[in-house]
Each structure stands twice: as C-alpha cells, then as structure tokens.
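# Structure at a glance
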Amino acid sequence: MRAIADLHIHSHYSRATSKLMNTQELSKYAKVKGVDLLGTGDFTHPEWLRELKQRLSGTGNGIYTYNNMSFLLSAEISLIYTQKGRGRRVHHLILAPDFEVVDQINEWLLTKGRLDYDGRPIFGFTSVELVEKLMSISRDIEIIPAHVWTPWFSIFGSRSGFDSVEECFGDQAKHIHALETGLSSDPPMNWRVSSLDRYSLVSFSDSHSAWPWRLGREATVFDLRELSYGNVIRAIRTREGLAETLEFFPEEGKYHLDGHRACNVCMEPGESIRAGNVCPVCKKPLTIGVLHRVEELADRDAGFRPEGARPFRSLIPLSEIIASMRGTELVASRKVWEEYNRLLAAFGSEYRVLLEAGQAEMARVVDPRIAEAVIKVREGRIKLQPGFDGEYGKPMFGKEYPRSRQPEAGERQKSIMDF
C-alpha cells in the first residue's frame, strides 16, 4: 500500500502552535491534505500523552487510529550543550513503537529535567547520550536528526552544528539511519555531501498548525505491504519501501539564503563571502543560510545523484498557489477557500490536485490560471523569491526574479505562508 506520511508535527502544547493542533482537527485536516499517516508529535508532554492514550486506538502493530486517521507515536526534543569547546543546539525527531516504550523514554527524561512546560522540551545532555540511552530502552526506537541544515537548531547548522554525523554522535552514529532535509534544503543539496550517502533522506512538515498549507507541506511516501510501525522503520533504515519524498522548493524555506532580516538584506553565498559574512547595512553578522552551509561541506558538484537515492517532487501548498494567482497574501481568505474547496470536491484531497489532476479537468472547476499554475509547480517551471533569516520565500508566478539580490530598503518580503 502507498502511504503519504508526515511524522514531524507538534501539538497545541508546544510553543507558537495553533489551538487546532488536537487529535480531532489533525485527523480532519490530514484527510483534506491527503496524508495517510501522521506523527502524534509531543509524546513527551504529560497532558498531550494523556490525551493520546485516551483517544487513540491501537492496531497491535505500532500504528494507532483516531477518526479513521492513522498515527505513529513521535516527539521532538531540543538538546543544548557544549562539545569540543563550542555550544551545540540540535533537534531530534523520535519515533516509538508503543506507549510502553514512550513511558520508559519519558521516565528517563524526567531524570534530566521537566517535560510539562513545552511540547518540545529542552535538555542539556549530548546527542551521544540520547542515542545510547534510547537504544538501551528499545532498538525499535528511531532517532532522526531534524531539519538538519537550519542555522540555529540542527546537526549541520551554521550557528551551532557539526561538520558530520560522526562528529555529533561519536560511536552512536551507527544507530542513525536517516536525516530530515528540512524546508530549506532538498535531496540534491544533500547529495553534494558524499558522507551522507549512507543515510535515508526523509521529509516532514514540522507543522505547528493543522491547516493544510502547513500540515503535510513536506512528507515521505512509503510503499509497504502493510502499514505497520515495523515496516515504516524498516523502510527508513533500508530504503526498501521508501518510495519518494515530497519537498518544499528549498528557496521557499526560511533559511535558504544568507541574510539579515532586520535590514532586509538577502545574499547568495558568494556575495556573503565577499562581504565577510557581515551585513552591509548594519555591519552585524549575517545569518548564514542552508545553501551556504551546504557549499561549505560539499565535496561534489551540483547535479550529482548517488546510487540508491530515492526520487522526490517539489511542491507548493495549494492554498498558496491560489492566493498568489488571486493577488492576495491572505491564504485563509474566503475567495481562496472557495477555489480550494471546489478543487477538493472534484479531486478528493490536496495531494491529488497537486500530484495527479489534469490541467483541463482543473480548469473546468476553477479559474484556468490556477490550473495552469498547479501544472507549472508540478513541472518546476516557476521563479521563487528566496527565503532568508527567518523569512519564508515565495513563488513569483508569471514574474522574472533574479535568484541573487539585495532587496530595496524597506521592501516587504512576507510570504503568504506567514498567515
């Protein structure tokens, strides 16, 4: 069976999340999006865990259900510590086979700090200790470094990361099987670093909102004989059954290029290097983006594809496409939802529209320009205004846009995905 999975999300107990991040709304909007398997997120939080135990029904194979939606137990934790004289801040996605294992994980984490203040708790121990302990609890636990290139909180981040998986995890690197690409990178960027060939590349949304332009904005597609925890983990570890990933265009991510948001400065890596990685306006350090960081670690030219690499497709959320064609930044506006719902009524889910619907069929139910834009996205025939220093990028349908520039002073660079 084919299953589109978004295993990295958060609950309403995490900071800066929507109140709609509950089991009812998550199951509802996952269906709207076309997601088949959803991570629970935040199983470390005691109140959310209590809700999950009350509402989810077990199938006996590590998959849980609620309102005809399949769930897999997941959480993210933040580790902030010092290693080799440098401060490190690394986020990890954790997948667990059942509530019994979750309880053991949480029991251990409680010896290290509190779990009740945030859905994504922060601890001061190392990534090595995390993996070593979780593997002693259960070898069925999967630990995946999250959004591996983002500057502030990731394994390769320019601000506080490492230069390799082995540097981060030491002798526990043998238990790391996959890396999450994150919104600001895609597989071809990761393929440029040969040491990453051994790891599966997975993509998930890291969603803080149940709305379908956030939920499932990135996902991993599995092709399994049966949907079970064991089969999902086997696919992640071996790539057998890992069919493809559905990605952001990396330019749309918040940290693709270098920049300084306060001064509205966005720069390509070469420009930043020539400027000494300093903002030309205020002379403060630039936030070094994902593309720059990949260039630092790359030992291959762009375009190389390693053997065994899984295919991927780059997409833009349907609501964002419609809003762009309607000339609005209000992705949740009534006129956007009217077009969105017409397409859903005709094709069943957002993913079916984005991945399968024909242009002529779409043009019969919505503005033909929207149908054309969906096809352009599907075929990669679009220009993108790159994101930088916490600002999402955005598509520029029908417009030419240079991929390297410094915006005019005071120019607004706000994506409709901010709404």
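Residue indices follow the written sequence of each chain, beginning from 1 at its first position. A pLDDT threshold of at least 70 governs which residues receive local features in this predicted model, and a stricter bar of 80 or more applies before side-chain atom pairs are shown or counted, although totals over entire chains, interfaces and linings include all residues. Side-chain descriptors were evaluated using all non-hydrogen atoms of the structure, hydrogens and water having been removed beforehand.

### Remarks on the packing of aromatic side chains
Note on aromatic pairs: the rings of Phe, Tyr and Trp (six-membered ring only in Trp) are paired at centre separations within 6.5 Å, and the planes decide the class, stacked below 30 degrees, edge-to-face beyond 60, tilted for the rest. Considering all chains together, one arrives at 11 aromatic pairs under this definition. Plain terms: the ring middles of Trp149 and Phe156 are 4.8 Å apart, the flat faces sit at 40° to each other, and that makes the pair tilted. The burial state of Trp149 is the same as that of Phe156; both residues are buried. Here the aromatic residues Tyr29, Trp211, Trp213, Trp337 and Tyr340 are joined through ring pairs into a cluster of three or more. Note on criteria: charge over ring means Lys NZ or Arg CZ within 6 Å of the ring centre, with the direction from the centre no more than 35 degrees off the ring normal. When the ring centre of Tyr351 is taken as origin, the NZ or CZ atom of Lys33, which lies over that ring, is 5.7 Å away. Three labels apply to residues, based on accessible area from a 1.4 Å probe with only protein chains included: buried if under 20% of the type maximum, exposed if over 50%, partly exposed otherwise in between.

### Quick notes on the layout of surface pockets
Any space left empty among the atoms is revealed by the rolling of a water-sized probe across them. Estimates place the volume of the largest pocket at around 860 Å³. Following the grouping adopted for this structure description, the nonpolar residues are Ala, Val, Leu, Ile, Met, Phe, Trp, Tyr, Cys and Pro, the charged ones are Asp, Glu, Lys and Arg, and the polar ones are all others, Gly among them. Its residues assigned to classes, the lining of the largest pocket shows 12 nonpolar, 13 polar and 8 charged. Any residue with an atom within 4 Å of a point lines the site, the site being either a cavity, points on a 1 Å grid over the protein atoms alone where a 1.4 Å probe fits but cannot get out, or a pocket, an open set with protein on both sides within 12 Å along at least 5 of 7 lines. Grid points are joined across faces, edges and corners, and a volume is the space filled by probe spheres set on the points.

### Describing empty space enclosed by the protein
Counting across every chain of the model gives 2 cavities of 30 Å³ or more. Contributing to the lining of the largest cavity are 16 residues, with Trp191, Tyr199, Leu201, Ala309 and Arg310 lying nearest its centre. To qualify as a helix, a DSSP run of H or I must reach at least 4 residues; to qualify as a strand, a run of E must reach at least 2; elements of each kind are numbered from the N terminus. If you list the elements that add at least two residues to the lining of the largest cavity, you get helix H6 (187-191), strand E10 (200-202) and strand E12 (242-248). Per-element tally for the lining of the largest cavity: the top contributor is H6, with 3 residues. Its residues assigned to classes, the lining of the largest cavity shows 9 nonpolar, 3 polar and 4 charged. Size it by volume and the second largest cavity reaches roughly 40 Å³. Forming the walls of the second largest cavity are Lys33, Gly216, Arg217, Leu315, Ile316, Pro317, Glu350, Tyr351 and Leu354. Looking at the lining of the second largest cavity residue by residue, the class counts come to 5 nonpolar, 1 polar and 3 charged.

### Some thoughts on the side chain of His91
Position of His91 relative to the elements: it lies in strand E6 (residues 86-96). Note on His91: relative accessible area 3%, which makes it buried. A distance of 3.1 Å separates the side chain of His91 from the side chain of Ser78, its partner in a polar contact. Other than its neighbours up to four places away in sequence, His91 contacts Glu76, Ile77, Ser78, Arg120, Pro145, Ala146, His147 and Phe153. Whenever a nitrogen or oxygen atom comes within 3.5 Å of another N or O atom, the pair is scored as a polar contact, on the condition that within protein one atom can donate a hydrogen and the other can accept it, and that pairs from neighbouring residues in sequence are kept only if both atoms are in side chains. By definition, residues are in contact when any of their heavy atoms lie within 4.5 Å.

### Some points on the state of the cysteines
Throughout this description, disulfide means a covalent bond between two cysteine sulfur atoms. Note on terminology: disulfide denotes any pair of cysteine sulfur atoms within 2.5 Å. Evaluation of the coordinates by the stated rule reveals 0 disulfides. Note on Cys279: no disulfide assigned, nearest cysteine sulfur contributed by Cys282 at a separation of 3.8 Å.

### Points about the packing of helix H10 (residues 318-325) against helix H11 (residues 334-347)
Close contact between H10 and H11 brings their axes to 9 Å; oriented N to C, the two are set at 130°. Judged on the interaxial angle alone, H11 and H10 are oblique. Regarding H10 and H11, the two cross each other, and that crossing is right-handed. On H11, the residues that touch Leu318, Ser319, Ile322 and Ala323 of H10 are Val336, Glu339, Tyr340 and Leu343. Tallied by class, the residues present in the contact of H10 with H11 amount to 6 nonpolar, 1 polar and 1 charged. Note on method: axes are straight lines fitted to C-alpha atoms, helices fitted across the in-contact stretch only, with angles between N-to-C directions ranging 0 to 180 degrees. Relative orientations are named as follows: roughly parallel for angles under 35 degrees, roughly antiparallel for angles over 145 degrees, roughly perpendicular for angles from 65 to 115 degrees, and oblique for any other angle. Should the near helix be turned anticlockwise from the far one by less than a right angle, the crossing is left-handed, and should it be turned clockwise, the crossing is right-handed.

### Let's talk about the confidence of the model for the chain
Every residue is assigned a pLDDT by the predictor, reflecting its confidence on a scale from 0 to 100. With 95% of its residues at a pLDDT of at least 70, the chain reaches an overall mean of 93. Taken together, the stretch residues 400-419 has pLDDT below 50 and engages in 64 contacts with residues farther than four places along the chain or on a different chain.

### Structural notes on H10
The buried fraction of H10 is high, at 7 of 8 residues. Among all positions in H10, only Leu318, Ser319, Glu320, Ile321, Ile322, Ala323 and Met325 are buried. Of the surrounding secondary structure, the elements contacted by the buried residues of H10 are H11, helix H12 (350-355), helix H14 (368-379) and strand E17 (394-395).

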